[in-house]
Amino acid sequence: MKKSVKNILYKKAILDYERNGSIKLGPLSSRKYIEDPQYIMFQMSRYKHACRLLSNKSKVADIGTGDGIGLGIMSLYFNEVIAIDIDEYLLQTARKHNSNSKITFIEHNFFKDRLKGKLDAAICFDVMSSIPKKYENYFLSNIARSLKKDGILILGTQNKLATKFSKKKNLKEQPNFKTFDQLNTYILKYFK
């Protein structure tokens, strides 16, 4: 195969690709890319906007990082990124695909306890709907206790009113959706 490295615009990309291969996605993101590639773009867009809102913060966590699809974007904005998940396998996968020195990986269960240190902010996308109702107060309370006094949480979750468009399988796996008013009331117990 003939190399196309004459064009200065593509030379570095082609040489990097031939030396290192292509990037790999974790299991969750790979599946989404196959089933609904637009969703990956939607996820990345949410991370970008959340990071811009928090751009004056230094130590920011991704709670429920999964396979770490947003960590690359977060590492562009913050001095320290803490990737947190309850699932050891997904956390190992995220670590394998994100070898940036700014990122620390922590297996942690917010149902049980807060983090030891304090964060400036946290991002938590698509986790709330998976939290069993009996643990949701522990979950949010322990996140709030893990943030500094002026800490910020950006929480993203599907609105309960939109679940009529969801696949039935997804509703079994994610039983805890809330309307805007329900979510707002819930959050105001722990945040201003």
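What counts and what doesn't
- Residues numbered from 1 in each chain as written.
- Predicted model: local features only at pLDDT ≥ 70, side-chain atom pairs only at ≥ 80, totals over all residues.
- Heavy atoms only, no water.
- Pairing = 2+ DSSP bridges.
- Helix = DSSP H or I, 4+ residues; strand = E, 2+ residues; numbered from the N terminus.
- Axes fitted to C-alpha atoms, helices over the stretch in contact; angles between N-to-C directions.
- Contact = heavy atoms within 4.5 Å.
- Parallel < 35°, antiparallel > 145°, perpendicular 65-115°, else oblique.
- Nonpolar A, V, L, I, M, F, W, Y, C, P; charged D, E, K, R; others polar.
- Buried < 20%, exposed > 50% of the residue type's maximum accessible area, 1.4 Å probe, protein only.
- Expected span 1.5 Å × (residues − 1).
- Core = buried A, V, L, I, M, F, W, Y, C linked by side-chain atoms within 4.5 Å.
- Phe/Tyr/Trp six-rings, centres within 6.5 Å; stacked < 30°, edge-to-face > 60°.
- Lys NZ or Arg CZ within 6 Å of the ring centre and 35° of its normal.

Draft legend 1. Quick look at the sheet that holds strand β4 (residues 119–125). Pairing is parallel in the open sheet, where five strands are placed in the order β3-β2-β1-β4-β5. Each end of this open sheet is capped by a strand with a single partner; those strands are β3 (103–107) and β5 (147–156). Adjacent strand axes in the sheet meet at a mean angle of 20°, parallel and antiparallel pairs treated alike. When strand β1 (residues 59–63) meets strand β2 (residues 80–85), the two strands line up parallel, connected through five bridges. Counted as the bridge partner of A61 is I82 from β2. In the packing of helix α5 (residues 88–97) onto the sheet, contacts are made with β2 and β3, and the angle to β3 comes to roughly 170°. Each of β1, β4 and β5 is contacted by helix α6 (residues 136–146), which is oriented at about 135° to β5, the strand it contacts most.

Draft legend 2. Looking closely at the packing of helix α2 (residues 27–35) against helix α3 (residues 37–53). Relative orientation of the contacting elements α2 and α3 amounts to 125°, with a least axis distance of 5 Å. Between α2 and α3, the angle is such that the two are oblique. Note on element contacts: α3 touches α2 through P37, Y39 and I40, opposite S29, K32, Y33, I34 and E35. Here the contact of α2 with α3 is composed, by residue class, of five nonpolar, one polar and two charged.

Draft legend 3. Molecular detail of the environment of S29. In this structure, S29 sits in helix α2. You can call S29 buried: its relative accessible area is 2%. Taking the C-alpha atoms as reference, S29 lies 7.0 Å from I40; in sequence the two are eleven residues apart. For S29, the residues in contact, after removing those within four places along its chain, are I40, D67 and I69.

Draft legend 4. The arrangement of helix α1 (residues 8–20) in detail. Relative to the 18 Å expected for 13 residues at 1.5 Å per residue, α1 spans 19 Å between its end C-alpha atoms, a close match to the ideal helical length. Directly after α1, the chain includes G21, whose backbone phi takes a positive value near 80°.

Draft legend 5. Structural view of the nonpolar core. In this structure, I63, F139 and L153 are the most contacted members of the largest nonpolar core, which totals 21 residues. Of all the elements in the fold, those that place two or more residues in this core are β1, β2, β4, α6, β5 and α8 (180–187). Every residue in contact with I63, bar those within four places of it in the chain, is listed here: I84, F110, A122, I123, C124, F125, V127, F139 and I143. In this structure, I69, M74, A83 and L91 belong to the second largest nonpolar core, which totals 20 residues.

Draft legend 6. Inspection of the packing of aromatic side chains at higher detail. The full count for this structure, using the stated rule, is seven aromatic pairs. Taken together, a centroid distance of 5.1 Å and an interplanar angle of 85° make the contact between Y47 and F125 edge-to-face. Within this pair, whereas Y47 is found in helix α3, its partner F125 is found in strand β4, the two being separated by 78 residues in sequence. According to the relative accessible area criterion, F125 is buried, its value standing at 10%. These aromatic residues form a ring-pair network of at least three members: F110, F111, Y135 and F139. Here the basic side chain of K32 rests over the ring of Y39, its NZ or CZ set 4.6 Å away from the ring centre. Here R46 stacks its cationic end above the ring of F125, 4.5 Å away from the centre of that ring.

Any link to function would need more than the numbers given here.
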